[in-house]
Amino acid sequence: MRFTVSPGGSINGEAKVPGDKSISHRSIMLGSIANGVTEVSGFLQGADSLATLAAFREMGVSISNPENGRVRIEGVGKNGLRAPSNDIDLGNSGTSMRLLAGLLSGQNFGSTLIGDESLSKRPMNRVVHPLRTMGAELDSGEAGRPPIAIRPGNKLKGISYELPVASAQIKSCLLLAGLYAEGCTSITEPGPTRDHTERMLRSLGYAVETKVLESSNAELSAEGARSQITVIGDGELNGGDIKVPTDISSAAFFLVAASIVPGSELTLRDVGVNPTRTGILHILWDMGADITLSNERLWGAEPVADITVRSASLQGIAIPQRYVPLAIDEFPVVFIAALAASGTTVLTGARELRVKESDRIAVMADGISALGGAATATEDGMIIESSTLSGGRVDSHGDHRIAMAFSVAAMLATNDIEIENCTNVGTSFPGYAELAQSLGMDIRVA
Ligand code: S3P
């Protein structure tokens, strides 16, 4: 699939982006192992969260076909999953594979997790090694990549583990294994990462303790800089209602587009504004963006708000490192904001971007440079100078967020930009091109 985007237009109106991907995955996983029924609304009907849904059906859970974001899960309880009859194919979804590796390490049956070409290149030893320390019997493939093969083994033992990188996927994987382990599983994170697993576990009645170890970061004092999250393996989950906010990572494309394209004013409704996800707002505010939150409220355990954005002139900044894990998925489009900003923007401390759906540092630097922009990749980040892109062709390398980021860039380019390999936009943002078109982007899909 190819997007062709013509320069011009502005972003105006009101919209709702699709449901949060991280929360949608977790609603299926936790709803499936809860006792009783879980009703989900706002579920993301994208390929990634649908891969998680299909995996649990394969393991005997009765889950309704999602309709307008509504899904009914007949929870089977913590020990009610059945052995899948085939390998579990998780497509493009790293979250599915890493979280399931933890949850399935606790089962009394074996399973094998596989993925598409992109997922098959991503590092899995970051979950395989600590799971082995818990007593799990599992292997990754060559060079620590998928597939992950899990054998039924002895009961897991709780561990104390210090995350080597700030990763919600590793944390969540180990907490899910911890639900099946003897004793306490305690995970220490170097800085705050998205805490949807902890919030949802608590909302389904499972005790999770979060202890702030150091709170040196004034702006994020509620989260603390370093914290320890503990679960004990003897609890049960009770099904309930889960209302999924819309995904701030999807909203980010329009927050940037409306900020950088003159004459824009857009309101996005019901956006998840969990403070472990709002790095994009802080970065854009620091750059001078005109973004306001209204109607702030809680949907169950998760804060939501309506977000209004108007165009503004942005300035380049040195992106504070504390925002990196809180905006980890938003950097492709942050780089586009940086092109439109005056001066220089510098990102450091973001080496994790190299192991996302693509190497987002290399792919974005190459794409921006190929279109005449000034971007220099560094080992752990990027240096971007204010510049105007010419038209031309870029390859998204099958990475949904790269494809959408370049579509935003095209609004300010001098000629059309063609973006190749856009099918995977449907992993997180089904209907992106249609919504973007309706808000004022001149985008065509072929
Ligand atoms: C996610 C965590 C992040 C993020 C991914 C979703 C999650 O990955 O990039 O898109 O749902 O836990 P890491 O934990 O690898 O940073």
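Residues numbered from 1 in each chain as written. Predicted model: local features only at pLDDT ≥ 70, side-chain atom pairs only at ≥ 80, totals over all residues. Heavy atoms only, no water.

Draft legend 1. Molecular detail of the overall build of the chain. Looking only at helices and strands, the chain has 13 helices and 25 strands in total. Against the globule reference of 22 Å for 446 residues, the chain gives a C-alpha radius of gyration of 21 Å, in line with a compact fold. The dimensions of the chain, computed from C-alpha atoms along their principal axes, are 60 × 45 × 45 Å. Within the chain, the proportion of its 446 residues that are buried is 59%. Within the chain, contacts between residues separated by at least 24 positions form 75% of all contacts whose residues are at least 6 apart in sequence. One way to put it: in the chain the 37 positive side-chain charges average out to a point 3 Å from where the 50 negative ones average out. (Helix = DSSP H or I, 4+ residues; strand = E, 2+ residues; numbered from the N terminus. Rg over C-alpha atoms; globule rule 2.2 N^0.38 Å. Buried < 20%, exposed > 50% of the residue type's maximum accessible area, 1.4 Å probe, protein only. Contact = heavy atoms within 4.5 Å. Lys, Arg positive; Asp, Glu negative; His and termini not counted. Charge placed at Lys NZ, Arg CZ, Asp CG, Glu CD.)

Draft legend 2. View of the site of the ligand. In the region of the ligand, the neighbouring residues are Ser22, Arg26, Thr95, Arg98, Ser167, Ala168, Gln169, Arg194, Ile328, Asp329 and Lys356. Side-chain polar atom of Ser22 to an oxygen atom of the ligand: 2.7 Å apart, as the coordinates give it. Within the backbone of Ala168, one N or O atom sits 2.9 Å away from an oxygen atom of the ligand. The protein chains hide 96% of the 380 Å² of surface that the ligand would expose on its own. Elements supplying a minimum of two residues to the shell around the ligand: helix H1 (21–32), helix H3 (94–105) and helix H5 (168–178). (Near = heavy atom within 4 Å. Polar contact = N/O pair within 3.5 Å; in protein donor to acceptor, adjacent residues only side chain to side chain. Areas by Shrake-Rupley, 256 points an atom, 1.4 Å probe, with all protein chains shown as cover.)

Draft legend 3. Inspection of the packing of aromatic side chains at higher detail. Applying the stated criterion to the full structure yields six aromatic pairs. Ring geometry for Phe254 and Phe429: centres 6.1 Å apart, planes at 80 degrees, overall edge-to-face. Here Phe254 is found in helix H7 (residues 248–260), whereas its partner Phe429 is found in the loop between helix H12 (425–428) and helix H13 (432–439), with 175 residues between them in sequence. Classification of Phe254 by relative accessible area gives buried; the value is 0%. Under the relative-accessibility criterion, Phe429 is labelled buried at 1%. When the centroid spacing of 5.1 Å and the interplanar angle of 70 degrees are considered together, the rings of Phe429 and Tyr432 count as edge-to-face. Comparing Phe429 with Tyr432 shows no difference in burial state: the two are buried. Aromatic ring contacts, followed pair by pair, group Phe3, Phe253, Phe254, Phe429 and Tyr432 into a single cluster. Across the ring face of Tyr180, the terminal group of Lys78 is positioned such that the distance to the ring centre comes to 5.5 Å. (Phe/Tyr/Trp six-rings, centres within 6.5 Å; stacked < 30°, edge-to-face > 60°. Lys NZ or Arg CZ within 6 Å of the ring centre and 35° of its normal.)

Draft legend 4. Up close: helix H10 (residues 360–370). Residues of H10 that are buried include every one of Arg360, Ile361, Val363, Met364, Ala365, Gly367 and Ile368, and no others. On its buried face, H10 is in contact with helix H9 (331–340), strand E21 (374–378), strand E22 (381–385), strand E23 (392–395) and helix H11 (400–410). Where H10 begins, one side-chain oxygen reaches toward the backbone nitrogen of Ile361, 3.1 Å away; that side chain belongs to Asp359.

Draft legend 5. The pattern of salt bridges, seen in detail. Scanning the entire structure with this criterion turns up 34 salt bridges. Among the salt bridges present, the one from Arg360 reaches Glu357, with a minimum N-O distance of 3.0 Å. Arg360 gets classed as buried once you look at its relative accessible area, which sits at 0%. A residue is classified by how much of its surface remains accessible, and Glu357, at 10% relative accessible area, is buried. (Salt bridge = Lys/Arg side-chain N within 4 Å of Asp/Glu carboxyl O.)

Draft legend 6. A look at the nonpolar core. Ranked by internal contacts, the top residues of the largest apolar core, which has 82 residues, are Phe254, Phe331, Val408 and Tyr432. Sort the elements by how many residues they give to this core and H7 lands first, with ten residues. Once residues within four sequence positions are removed from consideration, Val408 is found in contact with Phe253, Val256, Ala257, Ile260, Val333, Ile336, Tyr432 and Met441. (Core = buried A, V, L, I, M, F, W, Y, C linked by side-chain atoms within 4.5 Å.)

Draft legend 7. Helix H2 (residues 47–58), seen in detail. Here H2 contains twelve residues, and its C-alpha end-to-end distance of 16 Å stays within 8% of the 16 Å for a straight helix at 1.5 Å per residue. Of all the positions in H2, only Asp48, Ser49, Ala51, Thr52, Leu53, Ala55 and Phe56 are classed as buried. Buried residues along H2 sit against H1, strand E4 (62–63), strand E5 (71–76), strand E6 (88–89), H3 and H12. Just past H2, the residue Gly60 takes up positive phi, approximately 90 degrees. (Expected span 1.5 Å × (residues − 1).)

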